[in-house]
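One-letter residues, chain by chain:
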Amino acid sequence: RQPPPRREHGLAGAGREELCVNFKPHGLRLSSAGPISMSVALPAPESAWSPDEGDGSEGLSSMLDMAKRQELPRHLSRSARLLASRRPEWDESVGGFTLDFNGRVNEFSVKNFQMVSWDADSGQRGSETLLQFGKAGDDVFILDFAYPLSIKTAFAISLAMADTKLCYMLG
């Protein structure tokens with residue numbers, strides 16, 4: 001059995017950037033009361049484009065920044081998919097923010113969230129839920145997702161949200 005080939009250039013050939021997740025707090029800090037807004041950029045599954053191709057994009061993070069400013073060039077907007085968290089509504093009867101999980105989530109948790117498509121040109125959010133993550137019981141969470149997400153990207157987004165909320169709640 002031979003050892004794996006040695007890489008000479010560190011990250012060279014490590015693969016393409018697959019996901020960028022950005023958080024915006026409701027208040028002045030992430031630990032402020034209220035929901036956290038999240039936006040996500042990922043290469044379109046049908047696109048051969050990858051970040052750093054010399055087309056002016058430095059990666060998904062800069063693409064997400066351009067999209068927020070509504071300055072995303074058309075060729076890049078066709079090469080990526082943008083998602084945004086669905087904005088929860090305040091419910092006086094429970095004294096908190098809520099989302100409709102269609103019966104899949106039945107416990108309140110700061111980790112519950114939904115993602116929808118986001119059109120950077122118009123700033124509009126879609127109505128179809130592309131990802132939802134929420135608490136269904138003691139130590140039981142659900143993760144539902146749809147195209148263009150894969151199990152890997154859906155799980156990564158969910159981990160990023162859960163980890164960020166946990167870190168800022170404890171800090």
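That block above? That's the structure.
Since this is a predicted model, take the numbers as computed values, not measurements.

Undergrad: How should the overall build of the protein chain be read in this particular structure?
TA: When you go through the protein chain residue by residue, the secondary structure sums to 3 helices and 8 strands. Ordering the α and β elements of the protein chain from the N terminus gives β-β-α-α-β-β-β-β-β-β-α. Burial statistics for the protein chain: of 171 residues in total, 33% are counted as buried. Pairs at least 24 residues apart make up 54% of the contacts formed inside the protein chain by residues separated by at least 6 positions.

Undergrad: Looking at this model, I keep getting lost on the sheet that holds strand β1 (residues 20-24). Mind explaining?
TA: In spatial order, the strands read β1-β2-β3-β6-β7-β8; together these 6 strands make up an open sheet with antiparallel pairing. Two strands lie at the open edges of the sheet, namely β1 and β8 (140-145), each paired on one side alone. Across this sheet, the average inter-strand angle for adjacent strands is 20 degrees, counted without regard to direction. The sheet contacts of helix α1 (residues 60-68) involve β1, β2 (37-43), β3 (80-85) and β6 (113-118), and relative to β2 the element is tilted by about 125 degrees.

Undergrad: What should I look at first to understand the pattern of salt bridges in this one?
TA: Pairing between side chains of opposite charge can happen when their charged atoms approach one another. With the rule as written, the count across this model stands at 5 salt bridges. Linking E18 and K152 is a salt bridge whose minimum nitrogen-to-oxygen distance equals 3.0 Å. Here E18, found in the segment before β1, pairs with K152, found in helix α3 (residues 151-170); they are 134 residues apart in sequence, far enough to count as distant. Note that E46 is salt-bridged to R81, the shortest N-O span being 2.2 Å. Of the two residues, E46 sits in the loop between β2 and α1 while R81 sits in strand β3, which places them 35 residues apart along the sequence.

Undergrad: Before we go on, may I ask you to explain the packing of aromatic side chains in this structure?
TA: This structure, assessed with the given rule, holds 3 aromatic pairs. Taken together, a centroid distance of 5.9 Å and an interplanar angle of 35 degrees make the contact between F113 and F133 tilted. Highlighted residues: F113 in strand β6 and F133 in strand β7 (residues 125-137), separated in sequence by 20 residues. For the residue pair F113 and F133, the accessibility class agrees, reading buried in each case. Ring geometry for F133 against F141: centres 5.4 Å apart, planes inclined by 5 degrees, an arrangement best described as stacked. Pairwise contacts between aromatic rings join F113, F133 and F141 into one cluster.

Undergrad: How should I be thinking about the side chain of S158 in this particular structure?
TA: Along the chain, the position of S158 falls in helix α3. Judged by relative accessible area, which is 2%, S158 ranks as buried. S158 has contacts with F113, L131, F133 and L143, leaving out every residue within four places of it along the chain.

Undergrad: Explain the environment of R81 to me, please; I cannot follow it from the model alone.
TA: We classify R81 as partly exposed; its relative accessible area is 24%. Once the C-alpha coordinates of R81 and P43 are considered, the two residues, 38 residues apart in sequence, prove to be 6.1 Å apart. The residues contacting R81, other than those within four sequence positions of it, are V40, A41, L42, P43, A44, P45, E46 and P148. A polar side-chain atom of R81 sits 2.2 Å from a polar atom in the side chain of E46.

Basis of the calculations
Residues numbered from 1 in each chain as written. Predicted model: local features only at pLDDT ≥ 70, side-chain atom pairs only at ≥ 80, totals over all residues. Heavy atoms only, no water. Helix = DSSP H or I, 4+ residues; strand = E, 2+ residues; numbered from the N terminus. Buried < 20%, exposed > 50% of the residue type's maximum accessible area, 1.4 Å probe, protein only. Contact = heavy atoms within 4.5 Å. Pairing = 2+ DSSP bridges. Axes fitted to C-alpha atoms, helices over the stretch in contact; angles between N-to-C directions. Salt bridge = Lys/Arg side-chain N within 4 Å of Asp/Glu carboxyl O. Phe/Tyr/Trp six-rings, centres within 6.5 Å; stacked < 30°, edge-to-face > 60°. Polar contact = N/O pair within 3.5 Å; in protein donor to acceptor, adjacent residues only side chain to side chain.

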